[in-house]
Amino acid sequence: QVQLVESGGGLVQAGGSLTLSCIASGRTFNYAMGWFRQAPGKEREFVASINWSGAITRHADSVKGRFTISRDNAKKTLYLQMNSLKPEDTAGYYCAARGSSMGYVYLRGVEYEYWGQGTQVTVSS
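Since we're looking at a predicted model, the values are computed, not measured. (Residues numbered from 1 in each chain as written. Predicted model: local features only at pLDDT ≥ 70, side-chain atom pairs only at ≥ 80, totals over all residues. Heavy atoms only, no water.)

Peer 1: Break down unusual backbone geometry for me, with residues and values.
Peer 2: The phi angle at Lys76 is positive, at roughly 55°, despite the residue not being glycine. If you trace the backbone, Lys76 turns up in the loop between β7 (67–72) and β8 (77–82). The backbone of Ser84 sits at a positive phi, close to 50°, despite the residue not being glycine. Note that Ser84 resides in the loop between β8 and β9 (91–99). When its relative accessible area of 40% is taken as the criterion, Ser84 is described as partly exposed. (Helix = DSSP H or I, 4+ residues; strand = E, 2+ residues; numbered from the N terminus. Buried < 20%, exposed > 50% of the residue type's maximum accessible area, 1.4 Å probe, protein only.)

Peer 1: Which residues make up the state of the cysteines, and what values do they have?
Peer 2: Tallying each qualifying case throughout the model produces one disulfide. There is a disulfide in this structure between Cys22 and Cys95, and the S-S distance comes to 2.0 Å. Of note, the bridge from Cys22 to Cys95 carries an S-S torsion of about 45° and is right-handed in sense. Linking Cys22 in strand β3 (residues 18–26) with Cys95 in strand β9, this pair joins segments that are 73 residues apart in sequence. (Disulfide = S-S within 2.5 Å.)

Peer 1: Describe the packing of aromatic side chains, naming the residues involved and giving the relevant values.
Peer 2: The full count for this structure, using the stated rule, is seven aromatic pairs. Aromatic pair Phe36 and Trp115: ring centres 5.2 Å apart, planes at 55°, arrangement tilted. Placement of the pair is Phe36 in strand β4 (residues 31–38) and Trp115 in strand β10 (residues 114–115), with a sequence separation of 79 residues. Overall, Phe36 belongs to the buried group, its relative accessible area being 2%. Ring centres of Tyr104 and Tyr106 lie 6.4 Å apart, and the angle between their planes is 85°; on these two criteria the pair is classed as edge-to-face. What links up through ring pairs into an aromatic cluster is the set Phe36, Phe46, Tyr104, Tyr106, Tyr112 and Trp115. (Phe/Tyr/Trp six-rings, centres within 6.5 Å; stacked < 30°, edge-to-face > 60°.)

What follows is the structure in structure tokens.
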């Protein structure tokens, strides 16, 4: 079992930055992780993913060049650095994890086993 707790969300002006964190507890060794977001009335959307070692990452086209996913396995923490935020980035952001000892990253929500409760990011224009 893996428990995930996100933090770092908040209200920021367009063009600003935020860093989200997701602390994992439980059996977290060899887990691929990802960030997803969901805005009111919209479907859940892939944001970024990272393999168990942190060597391989993928970012959605909508955030590429602005957001960066990273992890610190010693601290059991996943990060999402968000720069140049836009009003359309407003959403609840969720971290997810799944077991994977290979160098895979996962882009679909259905591929993940564990989810955090989410943290709200609101970007004002």
